[in-house]
Amino acid sequence: MKPVTVVGSINIDLFSYLDRWPKIGETVMVRETANTLGGKGANQAVAATKLRANATMIGAVGEDGFGRVAADQLAAFNVTADLIEKRDCGTGMAFIDVGPEGDNIIRLASGANGQMQPEDLGPHSNQLNQSGVVLLQNEINLETSLKAAELARGGGALVIMDPAPAPHPAWTKDVIAAFDVLTPNASEAGAILGATPETLEEARDGARHLRTFGLSGAIITLGEKGVAWSFGDEDGVEPAPSVTAIDTVAAGDCFNGALATALSEGALMRSAIRFAMHAAALATTRKGASASLPTRDEVDRFYAPDLV
């Protein structure tokens, strides 16, 4: 199994679970609150670790109490973490409201994530060079992600970029070509392509179009509808597994962590996507971000593919 390295964001997530969405100017009581480890990078690293990948997290925290909490929670999930401490800066925070149907609204304070610079990756270049798969997201500076991609590709790693949150302005073709595989959801794909896919067939066409930007592959996720992809000589669509979703937070992060895990084990892309879809579906049946991510045994019971 080749190592999986995640370079990206680390947050503390503050959740509010609502019985209904408030109107502008209205105050409503919340049903429940929680605070957990989050950030797309940390979620991806926890997902990969729980799925038994040889995973390492590279990210930044602030010199505050939340930074210590984040380090402790990563350790509690058995994640190998190479943390960069940023002075005079708070740890990233996400304020997440979850509605009655499990959908969510997220307000994000980047904190130390936004202060992570390309030069911070120098001490971690060997880790990136020796990785089989490197996972990135759009919650740290783009220049830092591009540097991580450069170091990773120099060692032959497959670089997967989850362009979330959606890039504004849209990335140029030369930026997209710095990565190997792009994994946007429908709205993120729309921000890049100029039109949001509504069906799996439209998403497959969108994935093909993204390939023309210089990518080896593209995967577009459509939540409960499923996934479409284009990679190598193969295009495909796959309907999503049927589950009762209560919280969609971190489902995309789970998908990417599971995808990287399967690919690091030598799975073909179609098999890796199916595995990742089932892992992400399980994550939606639980509350929270990192706390909702399933173990390998749980995914294997739900879906037991031949990964080769």
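Residues numbered from 1 in each chain as written. Predicted model: local features only at pLDDT ≥ 70, side-chain atom pairs only at ≥ 80, totals over all residues. Heavy atoms only, no water.

A. Highlighting the nonpolar core. The biggest cluster of nonpolar side chains holds 55 residues, and the ones touching the most others in it are Ile10, Ile219, Phe255, Leu259 and Ile273. Ranked by residues supplied to this core, first place goes to helix 9 (residues 269-283) with 10 residues. Those residues within four positions of Phe255 in sequence are excluded, and the remaining contacts are Ile219, Thr221, Val227, Ile273, Ala276, Met277 and Ala280. Within the second largest apolar cluster, 38 residues are counted, among which are Ile58, Ile84, Leu210 and Leu215. (Core = buried A, V, L, I, M, F, W, Y, C linked by side-chain atoms within 4.5 Å. Buried < 20%, exposed > 50% of the residue type's maximum accessible area, 1.4 Å probe, protein only. Helix = DSSP H or I, 4+ residues; strand = E, 2+ residues; numbered from the N terminus. Contact = heavy atoms within 4.5 Å.)

B. Representation of the UniProt feature "domain: Carbohydrate kinase PfkB" (unreviewed entry) in the protein chain in the model. Feature annotation in UniProt places "domain: Carbohydrate kinase PfkB" (unreviewed entry) on residues 2-296, given in this structure's numbering. What you have in residues 2-296 is 32% helix and 25% strand, and the ends, taken at the C-alpha atoms, are 17 Å apart. (UniProt positions renumbered as here; feature names shortened; annotations may be inferred.)

C. Layout of the packing of helix 8 (residues 251-264) against helix 9. Look at helix 8 against helix 9: their axes get within 8 Å of each other, and the N-to-C directions meet at 145°. Viewed along their axes, helix 8 and helix 9 form a crossing whose handedness is right-handed. Only Met269, Ala272, Ile273, Phe275, Ala276, Met277, Ala279, Ala280 and Ala283 of helix 9 make contact with helix 8, whose side of the interface consists of Ala251, Cys254, Phe255, Ala258, Leu259, Ala262 and Leu263. A class-by-class count of the residues in the contact of helix 8 with helix 9 yields 16 nonpolar, no polar and no charged. (Axes fitted to C-alpha atoms, helices over the stretch in contact; angles between N-to-C directions. Left-handed = near helix turned anticlockwise from the far one by under 90°. Nonpolar A, V, L, I, M, F, W, Y, C, P; charged D, E, K, R; others polar.)

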